Amino acid sequence: MTLRTILVCLTSTASAAELLRSAAVLARRDNAHVIGLYVTESLVVYPGIAVHIPEVSYQSFLASQKAHAKEVKDIFDSFAKSEDFPTEWRQVSSENGFLADSIIANARFVDLVVVAQEEDGEERPLINSLQERVIKESGRPVLVIPRGYTAEKLGETVLLGWSDTREATRAVHDMMNLVGAGASVRVLRVGKPPSNTLADHAAIDLATALSRHGPSVEIVHREKDGEKVPDILSHEAFEMGADMIATGAFGHSRAYDFVIGAATRHLLRDAKLPVMFSK
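Note that the structure is a prediction, hence the values are computed from the model and not measured.

**Let's talk about the nonpolar core**
Counting 83 residues, the largest nonpolar core has Ile6, Val8, Leu10, Leu143, Leu160, Met175 and Leu210 as its most contacted members. When residues no more than four places from it in sequence are discounted, the contact partners of Leu210 are Leu160, Val172, Met175, Met176, Val185, Val187, Pro215 and Val217.

**Digging into the packing of helix H7 (residues 229-240) against helix H9 (residues 263-270)**
The interhelical angle for the contact between H7 and H9, taken along N-to-C directions, is 45°, at an axis separation of 8 Å. Taken together, H7 and H9 sit at an angle that is classed as oblique. Contacts from Pro230, Asp231, Leu233 and Ser234 of H7 reach H9 at Ala263, His266 and Leu267. Grouping the amino acids of the contact of H7 with H9 by side-chain chemistry returns 4 nonpolar, 2 polar and 1 charged.

**Looking at the environment of Lys66**
You can see Lys66 is positioned in helix H2 (residues 55-81). The class for Lys66 is exposed, based on a relative accessible area of 66%.

**A closer look at the environment of Ala183**
In this structure, Ala183 sits in the loop between helix H5 (166-175) and strand S7 (184-190). With a relative accessible area of 3%, Ala183 lands in the buried category. The spacing of Ala183 and Pro215 is 32 residues in sequence and 4.7 Å in space, taken between C-alpha atoms. Ignoring anything within four residues of it in the chain, the contact list for Ala183 reads Gly155, Glu156, Pro215 and Ser216.

**A few points about the side chain of Ser22**
Mapped onto the secondary structure, Ser22 falls in helix H1 (residues 13-30). Judged by relative accessible area, which is 1%, Ser22 ranks as buried. With residues near it in sequence (within four places) discarded, Ser22 still touches Ile145, Ala151 and Leu154.

What counts, and where the lines are drawn
Residues numbered from 1 in each chain as written. Predicted model: local features only at pLDDT ≥ 70, side-chain atom pairs only at ≥ 80, totals over all residues. Heavy atoms only, no water. Core = buried A, V, L, I, M, F, W, Y, C linked by side-chain atoms within 4.5 Å. Buried < 20%, exposed > 50% of the residue type's maximum accessible area, 1.4 Å probe, protein only. Contact = heavy atoms within 4.5 Å. Axes fitted to C-alpha atoms, helices over the stretch in contact; angles between N-to-C directions. Helix = DSSP H or I, 4+ residues; strand = E, 2+ residues; numbered from the N terminus. Parallel < 35°, antiparallel > 145°, perpendicular 65-115°, else oblique. Nonpolar A, V, L, I, M, F, W, Y, C, P; charged D, E, K, R; others polar.

Take a look at the structure:
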């Protein structure tokens with residue numbers, strides 16, 4: 001399976017080059033079409049206070065948006081000139097102020113969405129929870145690139161977090177668009193291992209099906225031993241020298257995610273490797 005269209009969400013000059021370099025690793029392999037998406041923020045004004053905002057504030061905001069868009073486009077243009085695969089600059093305006101809505105609308109027609117990990121201390125309310133919303137609402141696999149990460153390879157050595165859930169099943173099949181035929185995939189089950197690993201028929205069937213596509217596949221079981229699942233995934237990925245983690249996202253109910261929090265958020269915030277999330 002191959003990637004044909006990759007959407008790269010460019011929200012910051014600090015992360016734009018890193019995201020584009022990561023997307024290029026995959027695009028070169030399949031000659032995929034890379035779209036650099038920039039969403040112009042809108043000035044959100046609440047009813048009753050608009051009259052107190054002077055015109056100069058509107059003009060200053062528009063000027064800052066225009067300048068920021070140009071900076072990001074310059075980075076994209078420089079990137080596009082250095083690559084042979086097809087590229088496209090796409091600039092749109094957010095209708096209601098929130099960037100996630102525009103990104104989701106553009107993401108529904110692509111094979112993969114690439115976004116940056118949320119910046120530490122970033123104070124831009126219009127992009128708060130952007131990654132989470134795109135994962136939950138776009139219906140597409142989302143590859144999150146960590147802060148300061150430069151990808152030299154992707155999809156060659158992959159850790160797959162596996163459980164018997166719909167989200168993990170989606171992750172398996174989405175992952176196959178990102179891995180090459182000669183890739184190495186480790187299927188990780190977290191929890192008490194069966195007394196006889198040969199009795200884990202679901203994992204065995206999964207590994208067999210994946211290997212038919214070309215990758216070499218192994219299954220490992222790891223007990224929690226007091227560790228959180230995201231930490232186990234990260235440690236396992238580091239130990240095997242993985243270049244990417246693939247996992248299902250937000251598998252619990254909305255109420256559980258809201259009250260207790262989710263393992264997905266932990267990975268979104270702290271992962272040191274690219275993570276492909278599927279919902």
